[in-house]
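Observations on chain architecture
Next come the chains, spelled out residue by residue.
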Amino acid sequence: MTPTRRLVLLGAALLLCAEAFAESPDGEETYGGTLALKPLGKVDTEALETVAASIKSTYGWKVVLDEEEALPQAAFYKPRKRWRAEIILTWLTERVPSWADKIMAITKKDISTTKGAVFDWGICGLADIDGPTSVISTLRVGRKLGKGTAKQKHQKYLQRLTDLAAHEFGHQLGLDHCPQKGCVMEDAKGTVLTFDHSTGKLCDDCVDFLIKKGWGDGLKK
């Protein structure tokens, strides 16, 4: 590929990403605050767009793409070749941009945390409850997609990623796991299959909770 051709393709990719995170059209009301979406390593544009659309649609927040950075080496857990999510959250705390209220990191790498007696439990995402930071991984939502065409499996992956982003950001706004089956805040209970019966929405109880906290204007039930 010639240098000119590479520059043209790079320019097209940057334009596509910029359009995905463009500000709302004139006259469209904006709710909530601003979330910085930070890629940790290379993350494809479709995944970034899907996460941004999920946060905007579910909570009414503005999502702005932050600069890409490498995963912090301090978070790497060599025995399992995973990245410790709680260390990533601590690292992110110092990286909330001045123009953002909260930050969400996204990576293609496997992430983990300690759960009960299991020191290194693989997870899809982790967030500070009612805090500034969260991190999600696209890896596990792309597993166990079941039968179907390649297109159907890809759509299931995007649906899971949509719900994952909404779930972790809900934690950032103060929501805990919800006992109602189908609510986007339902506990995954260690399996990605929980995403497959999600309604993609917050239940009324979760909406009421956020309204009382002052985050209700842009919510979708």
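What you see is a predicted model, and the numbers here were worked out from it, not measured in a lab.

**Quick notes on the confidence of the model for the protein chain**
Chain-level pLDDT for the protein chain is 88 on average; 85% of the residues reach the 70-or-more range. Low pLDDT (under 50) marks residues 1-20, which in the prediction has 9 contacts with non-local residues, meaning those over four places away or in another chain. Contacts of residues 22-29 to residues separated by more than four positions or lying in other chains number 3 contacts, the stretch itself having pLDDT below 50.

**Remarks on the nonpolar core**
Within the largest apolar cluster, 38 residues are counted, with the highest numbers of intra-cluster contacts made by Y59, M185 and L202. Secondary-structure elements contributing two or more residues to this core are β1 (34-39), α2 (45-59), β5 (102-107), α4 (150-172) and α5 (204-212). Considering each element in turn, this core owes the most residues, 7 residues, to α4. If you look at the next biggest cluster of nonpolar residues, it comprises 16 residues, including L71, W83, A85 and W91.

**Describing the pattern of salt bridges**
Taken as a whole and assessed by the stated rule, the structure comprises 12 salt bridges. Note that D66 is salt-bridged to K38, the shortest N-O span being 3.3 Å. You can see D66 sitting in the loop between β2 (62-65) and β3 (76-77) and its partner K38 sitting in strand β1, a full 28 residues away along the chain. For E86, the salt bridge identified is with R84, shortest N-O distance 2.8 Å. Connected via shared salt-bridge partners are R80, R82, R84, E86, D110, D120 and R140.

**So, the sheet that holds strand β9 (residues 133-137)**
With respect to topology, 5 strands assemble into an open sheet ordered β2-β1-β5-β9-β8, the strand pairing being mixed. Two strands close off the open sheet at either side, each with one partner strand: β2 and β8 (125-127). With direction set aside, neighbouring strand axes in the sheet form an average angle of 20 degrees. One ladder, built from 4 bridges, connects β1 with β2; its direction is parallel. Paired with L37 across the strands is L65, a residue of β2. Those strands touched by helix α3 (residues 85-93) are β1, β5, β8 and β9, and its axis lies near 135 degrees from that of β9. Relative to the sheet, α4 contacts β1, β5, β8 and β9, its axis offset from that of β9 by approximately 160 degrees.

**Concerning the state of the cysteines**
By definition, a disulfide links the sulfur atoms of two cysteines through a covalent bond. Going through the model one piece at a time under the given rule, you end up with 0 disulfides. Free cysteine C178: the closest other cysteine sulfur is in C203, separated by 3.6 Å. On the basis of relative accessibility, which here comes to 7%, the residue C178 falls in the buried class. For C203, a relative accessible area of 9% gives the class buried.

Cut-off values and rules
The written sequence of each chain sets the order in which its residues are numbered from 1. Whole-chain, interface and lining totals are the exception, using all residues; otherwise, since this is a predicted model, local features are given only for residues with pLDDT of at least 70 and side-chain atom pairs are given and counted only at 80 or more. Heavy atoms throughout the structure, all of them, feed into the side-chain values; hydrogens and water do not. The predictor reports its confidence for every residue as pLDDT, a score running from 0 up to 100. Any two residues whose heavy atoms approach within 4.5 Å at even a single point are treated as in contact. Here, the term nonpolar core denotes a set of buried Ala, Val, Leu, Ile, Met, Phe, Trp, Tyr and Cys residues that are joined through side-chain atoms within 4.5 Å. Only protein chains enter the accessibility calculation, which uses a 1.4 Å probe. A residue is then buried if its area is under 20% of the maximum for its type, exposed if over 50%, and partly exposed in between. Secondary structure is summarised from DSSP: a helix means a run of H or I of at least four residues, a strand means a run of E of at least two, and numbering begins at the N terminus for each. Here a salt bridge means any side-chain nitrogen of Lys or Arg lying within 4 Å of a carboxyl oxygen belonging to Asp or Glu. Should DSSP find at least two bridges between two strands, the strands are regarded as paired. As a rule, the C-alpha atoms of each element are fitted with a line to give its axis, helices using only the stretch in contact, and angles between N-to-C directions run from 0 to 180 degrees. To count as a disulfide, a pair of cysteine sulfur atoms needs to be within 2.5 Å.

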